[in-house]
Amino acid sequence: MSWGVWWGERRWRWADRCQWTQPMLAFVIGDRGEQTSRCLLEAIPAEYRLGRSVSDFWEADRAVFPKERHRPVDERSGELAHIERWFQTLRQNWARYVRKTQSFSQSNCFPEAVTCWFIGEYNREVAIRY
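Model, not experiment: these values are computed from the prediction.

Draft legend 1. Summary view of the overall build of the chain. What the chain contains, in helices and strands, is five helices and five strands. Scanning the chain from its N terminus toward the C terminus, one meets helices and strands in the order β-β-β-α-α-β-α-β-α-α. Just so you have it, the chain exposes about 8000 Å², and 53% of that area is on carbon and sulfur atoms.

Draft legend 2. Spotlight on unusual backbone geometry. Positive phi outside glycine occurs at glutamine 22, with the angle close to 80°. On the secondary structure map, glutamine 22 appears in the loop between strand 2 (9–17) and strand 3 (24–30). Note on glutamine 22: relative accessible area 15%, which makes it buried.

Draft legend 3. Summary view of the confidence of the model for the chain. The predicted model of the chain averages 78 in pLDDT, with 82% of residues at 70 or higher. The least confident element of the chain, judged by mean pLDDT, is strand 1 (residues 2–6) at 47; the most confident is helix 1 (residues 34–43) at 89. For the stretch residues 2–7, pLDDT sits under 50, and the model shows 28 contacts to residues farther than four places along the chain or on other chains.

Draft legend 4. Main features of the packing of helix 4 (residues 81–93) against helix 5 (residues 109–129). Viewed as axis vectors pointing N to C, helix 4 and helix 5 meet at an angle of 115°, and their least axial separation amounts to 12 Å. For the element pair helix 4 and helix 5, the recorded crossing hand is right-handed. Residue-level inspection shows Trp86, Thr89, Leu90 and Asn93 of helix 4 in contact with helix 5, the latter providing Thr115, Phe118, Ile119 and Tyr122. Partitioning the contact of helix 4 with helix 5 into residue classes produces five nonpolar, three polar and no charged.

Draft legend 5. Spatial organisation of the pattern of salt bridges. Within this structure, the stated rule accounts for six salt bridges. Residue glutamate 68 is joined to arginine 69 by a salt bridge in which the shortest nitrogen-to-oxygen separation is 3.9 Å. Overall, the relative accessible area of 65% leaves glutamate 68 in the exposed class. Here arginine 69 falls in the partly exposed class, since its relative accessible area comes to 27%.

Criteria and thresholds
- Residues numbered from 1 in each chain as written.
- Predicted model: local features only at pLDDT ≥ 70, side-chain atom pairs only at ≥ 80, totals over all residues.
- Heavy atoms only, no water.
- Helix = DSSP H or I, 4+ residues; strand = E, 2+ residues; numbered from the N terminus.
- Areas by Shrake-Rupley, 256 points an atom, 1.4 Å probe, with all protein chains shown as cover.
- Buried < 20%, exposed > 50% of the residue type's maximum accessible area, 1.4 Å probe, protein only.
- pLDDT = per-residue confidence, 0-100.
- Contact = heavy atoms within 4.5 Å.
- Axes fitted to C-alpha atoms, helices over the stretch in contact; angles between N-to-C directions.
- Left-handed = near helix turned anticlockwise from the far one by under 90°.
- Nonpolar A, V, L, I, M, F, W, Y, C, P; charged D, E, K, R; others polar.
- Salt bridge = Lys/Arg side-chain N within 4 Å of Asp/Glu carboxyl O.

Put into structure tokens, the structure is as follows:
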């Protein structure tokens, strides 16, 4: 997860990325609660929901993702490095995602549109590369 401030409140970007094939599968913007975690799970394509998932030790993930296929891991394990690197790439490319920036949006609409566009471009580059 990565966060930003829109309209005076913190909003978190939740994303799911396939570790093996590299494309971004789903994202949502919201608070850090179970409802947002559930929205992310529902946004993941059905064929990928059957696979194993990992996340940090956030309670919302443990409550929503199926226990038999979900495993919380420590950041030092390296299993979260691919998604953390993706968030870093997003922040490097878009000033509005840097935590202390003056480029902020007043609603979730524009950050969602920009993130969706960025994911489309990212997935296109991944498809060309692989």
